[in-house]
Amino acid sequence: MDLARHCILCDNQLVNIKDGTTCSLTNKKPDFNKTCIKIELNEKFEQRIKKINIELENIRRTKTDTYGHVVIFTIVSFAVIFGGYYIGKYAFDSGVVSTVPLIIMAIGLGILVFAFGPLNKFRNEFAIAKSNKEKLDEVLKLYKIDYEIDLAFGEKIHGTREVKADLKIKKT
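Residues numbered from 1 in each chain as written. Predicted model: local features only at pLDDT ≥ 70, side-chain atom pairs only at ≥ 80, totals over all residues. Heavy atoms only, no water.

Undergrad: Can you help me understand the overall build of the chain in this one?
TA: Along the backbone of the chain there are four helices and four strands. Secondary structure elements of the chain occur, N-terminal to C-terminal, as α-β-β-α-α-α-β-β. Here the chain has a C-alpha radius of gyration of 26 Å; the compact-globule value for 172 residues is 16 Å, and the former is much larger. Over its C-alpha atoms, taken along the principal directions, the chain stretches across nearly 85 × 35 × 30 Å. Sequence-distant contacts, at least 24 apart, represent 65% of the contacts inside the chain between residues at least 6 apart. Within the structure as shown, the chain displays about 12,000 Å² of accessible surface, and the carbon and sulfur contribution to it stands at 58%. (Helix = DSSP H or I, 4+ residues; strand = E, 2+ residues; numbered from the N terminus. Rg over C-alpha atoms; globule rule 2.2 N^0.38 Å. Contact = heavy atoms within 4.5 Å. Areas by Shrake-Rupley, 256 points an atom, 1.4 Å probe, with all protein chains shown as cover.)

Undergrad: Just to check I follow, could you spell out the side chain of His 6 for this structure?
TA: Residue placement: His 6 occurs in helix H1 (residues 4-9). Reaching out from His 6, the side chain makes a polar contact with the side chain of Tyr 143 at a distance of 2.8 Å. (Polar contact = N/O pair within 3.5 Å; in protein donor to acceptor, adjacent residues only side chain to side chain.)

Undergrad: Any chance you could explain helix H3 (residues 63-93) here in plain terms?
TA: One full turn of an α-helix is made of 3.6 residues, so residues set three or four places apart face in the same direction. When the terminal C-alpha atoms of H3 are compared, their 45 Å separation across 31 residues agrees well with the 45 Å that a helix rising 1.5 Å per residue should span. Each element contacted by the buried residues of H3 is listed here: helix H4 (100-142). Downstream of H3 by a residue or two, Gly 95 has a phi angle that is positive, lying close to 90 degrees. (Expected span 1.5 Å × (residues − 1).)

Undergrad: Help me understand H4 in this model?
TA: The end-to-end C-alpha distance of H4 is 65 Å, a good match for the 63 Å that 43 residues give at a rise of 1.5 Å each. Within the span of H4, buried status applies to Pro 101, Gly 108, Ile 111, Ala 115, Leu 119, Phe 122, Ala 129, Leu 136, Val 139 and Leu 140. One or two steps after H4, the chain reaches Lys 144, where phi turns positive at roughly 55 degrees. (Buried < 20%, exposed > 50% of the residue type's maximum accessible area, 1.4 Å probe, protein only.)

Undergrad: What is the right way to look at the environment of Cys 7 in this model?
TA: As for its placement among the helices and strands, Cys 7 is situated in helix H1. Placed 88 residues apart in sequence, Cys 7 and Gly 95 show a C-alpha to C-alpha distance of 74 Å. What Cys 7 contacts, discounting residues up to four positions off in sequence, is Gln 13, Thr 21, Pro 30 and Lys 44.

Undergrad: Would you take a moment to explain the pairing of strand S1 (residues 13-16) for this structure?
TA: Walk down a regular strand and you will see the side chains alternate between the two sheet faces. As paired elements, S1 and strand S2 (residues 20-23) share four bridges and run antiparallel to each other. Paired with Asn 16 across the bridge in S2 is Gly 20. Where S1 hands over to S2, the hairpin turn is made up of three residues, counted between the paired strands. (Pairing = 2+ DSSP bridges.)

Undergrad: I tried to follow the layout of surface pockets on my own but got confused; where do I start?
TA: One simple way to see leftover space: roll a probe sized like a water molecule over the atoms. Estimated volume of the largest pocket: approximately 250 Å³. Contributing to the lining of the largest pocket are 17 residues, with Cys 23, Thr 26, Asp 31, Phe 32 and Cys 36 lying nearest its centre. Taken together, the elements giving at least two residues each to the lining of the largest pocket come down to H1 and S2. Along the lines of polarity and charge, the residues of the lining of the largest pocket split into eight nonpolar, five polar and four charged. Size it by volume and the second largest pocket reaches roughly 170 Å³. What lines the second largest pocket is simply Asn 58, Arg 61, Thr 62, Asp 65, Lys 156, Gly 159 and Arg 161. (1 Å grid on protein atoms, 1.4 Å probe; cavity = no way out; pocket = protein on both sides within 12 Å on 5 of 7 lines; lining within 4 Å. Points joined across faces, edges and corners; volume = space filled by probe spheres on them. Nonpolar A, V, L, I, M, F, W, Y, C, P; charged D, E, K, R; others polar.)

Undergrad: How should I be thinking about the nonpolar core in this particular structure?
TA: Nonpolar side chains in soluble globular proteins generally cluster together in the buried interior. Core analysis: the largest hydrophobic core is formed by 15 residues, its most contacted members being Leu 9, Phe 45, Ile 49, Leu 136, Leu 140 and Tyr 147. Mapped by element, the contributors of at least two residues to this core are helix H2 (43-61), H4 and strand S3 (145-157). Not counting chain neighbours up to four residues away, the residues in contact with Tyr 147 comprise Ile 49, Asn 53, Lys 133, Leu 136, Asp 137, Leu 140, Leu 167, Lys 168 and Ile 169. (Core = buried A, V, L, I, M, F, W, Y, C linked by side-chain atoms within 4.5 Å.)

Here is the structure:
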């Protein structure tokens with residue numbers, strides 16, 4: 001396990017470009033077997049728990065919108081492609097050869113590509129946030145710490161949403 005995962009939660013962590021993560025108590029890099037006996041889990045620890053859980057929940061809340069976006073733009077894309085096909089078929093049956101239907105179908109394919117961009121972004125962000133939470137929970141399990149967090153999301157104003165987090169930490 002990466003020992004820096006423990007240090008990220010600890011108030012004794014020092015970080016600099018030259019040495020990376022060091023302990024302010026020993027002025028050395030983390031060097032312990034399973035858990036650190038000098039770890040101080042206070043303000044930084046609580047902020048990290050809140051941040052990771054808020055990020056994960058924010059991403060989860062976009063799931064419906066993301067899948068809706070995919071469905072709507074896929075339908076529009078196929079409608080444009082079929083529309084281009086039928087315009088081309090009608091024009092060809094009338095004795096006219098035109099590139100316009102091909103251009104319309106290419107636009108439909110472009111819309112299809114646009115449909116899946118947000119889905120890929122959602123899946124990547126969700127995987128990262130979920131991994132961060134799993135890593136946090138893995139470290140907390142070593143210290144026999146459990147927590148409950150209640151998140152209350154406010155209204156989204158100018159792209160920013162206020163979130164209130166009620167965190168209860170239990171040491172078993």
